[in-house]
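Tertiary structure, described
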Amino acid sequence: MLVVALVVACLAAAALGFALRRARQRHERALGERGWLLEREREAAALAAVGAERARIARELHDIVSHNVSVMIVQAGAAREVLASMPEEAASALAAVERAGRDTMTELRHLLGLLAPAPDGSDETEPEDLAPQPSLARLTPLVDRIAFAGLPVDVRVSGEPCPLPTGIDVTAYRIVQEALTNALKHGAGGKAEVTIRYAEHALRVEVLTTGPSVLTGGPPPVRGGDGAGRGLAGLRERVAVYGGDLDARRRLGGGYRVRARLPLDVP
């Protein structure tokens, strides 16, 4: 009987050891599969982040180049028209072209410098050579450039100004920049009104431009200035990221209206 009991005990121990080994193998396989799934999820998240960053960079590059090059084209054309008759005005226009070109290069250096740091990990561009991040605090130079190019701009600020999140601040600036640039490119004279309103739970931005109207017998507006271009389409995406909305449409009496609402998180 003792021998039988020992044999049974040995068989039970062997069976238990086998079962434990099988359980350990299943556990290790499950861990391996889970790790593989987590790795795939990390790769997918990284690819999505890269795609989003590329889209953001494309919008930034478009905003920088489109605005400044538009100003340069308008000023260069004005300089060509008055080069012989009014050399001083032509020199002023060419100086504006130079400033716009320098601003473009500075902003591009800033953006591309962040994307391509030096091999040793340091930033080759000196901080003082980089332009500050666009914000509503820098509206005055933008408005001055647009006004000098031939589009008078009236800016109104209502409500109690408050510090804004960086992304919302940059987005608000870009809305004004894109609307004024489109008005400068596609408008035929007229003026623009920019309204920045600090509401209790949102920042509201509105840009109104005047222009020819079919109702008043003026020439039809230039095709492509209806707010459906790449710039405003990109701005709609930006505004949507912050839970806001943007509306751009032709005004019945002529010109265009761009209106945006950017929610603010109130503690």
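The structure presented is a predicted model; accordingly, all values stated were derived computationally and were not measured.

Side note on a positive patch on the surface
Side chains of R21, R22, R24, R26 and R29 sit close together on the surface and give a patch of like positive charge. Note on placement: R22 falls in helix α1 (residues 2-82). Look at R22 and you get partly exposed, because its relative accessible area is 41%.

Re helix α4 (residues 166-186)
In this model α4 runs 30 Å from its N-terminal to its C-terminal C-alpha over 21 residues, within 8% of the 30 Å that 1.5 Å per residue would give. Of all 21 residues making up α4, 17 are buried, and the element is well covered by its neighbours.

Some remarks on the confidence of the model for the protein chain
Looking at the protein chain, the pLDDT average stands at 75 and 69% of residues meet or exceed 70. Contacts of residues 117-130 to residues separated by more than four positions or lying in other chains number 11 contacts, the stretch itself having pLDDT below 50. Predicted confidence is poor over residues 220-229, with pLDDT under 50, and the contacts of this stretch with residues over four places away or in other chains come to 12 contacts.

Digging into the packing of helix α3 (residues 139-148) against α4
The interhelical angle for the contact between α3 and α4, taken along N-to-C directions, is 0°, at an axis separation of 11 Å. Judged by the angle between their axes, α3 and α4 are roughly parallel. Counting all contacts with α3, which are made through L139, L142, R145 and I146, the residues of α4 involved are Y173, V176, Q177, L180 and L184. For the contact of α3 with α4, the per-class residue count stands at seven nonpolar, one polar and one charged.

Let's talk about the sheet that holds strand β3 (residues 202-209)
Pairing is mixed across the open sheet formed by five strands, whose spatial order is β1-β2-β3-β5-β4. Of all the strands in the sheet, just β1 (153-159) and β4 (245-250) have a single pairing partner and so form its edges. Across the sheet, the mean angle from the axis of one strand to that of its neighbour is 10°, orientation sign disregarded. Pairing of β3 with strand β5 (residues 256-263), which is carried by seven bridges, proceeds in the antiparallel orientation. Residue V205 lies in a different strand from β5, and its bridge partner there is A260. Its contacts with the sheet put α4 on β1, β2 (192-198), β3, β4 and β5, and the angle it makes with β3 is roughly 10°.

Cut-off values and rules
Residues numbered from 1 in each chain as written. Predicted model: local features only at pLDDT ≥ 70, side-chain atom pairs only at ≥ 80, totals over all residues. Heavy atoms only, no water. Patch = residues over 30% accessible without salt bridge, like charges linked within 9 Å, V, L, I, M, F, W, Y side chains within 5 Å. Areas by Shrake-Rupley, 256 points an atom, 1.4 Å probe, with all protein chains shown as cover. Salt bridge = Lys/Arg side-chain N within 4 Å of Asp/Glu carboxyl O. Lys, Arg positive; Asp, Glu negative; His and termini not counted. Charge placed at Lys NZ, Arg CZ, Asp CG, Glu CD. Helix = DSSP H or I, 4+ residues; strand = E, 2+ residues; numbered from the N terminus. Buried < 20%, exposed > 50% of the residue type's maximum accessible area, 1.4 Å probe, protein only. Expected span 1.5 Å × (residues − 1). pLDDT = per-residue confidence, 0-100. Contact = heavy atoms within 4.5 Å. Axes fitted to C-alpha atoms, helices over the stretch in contact; angles between N-to-C directions. Parallel < 35°, antiparallel > 145°, perpendicular 65-115°, else oblique. Nonpolar A, V, L, I, M, F, W, Y, C, P; charged D, E, K, R; others polar. Pairing = 2+ DSSP bridges.

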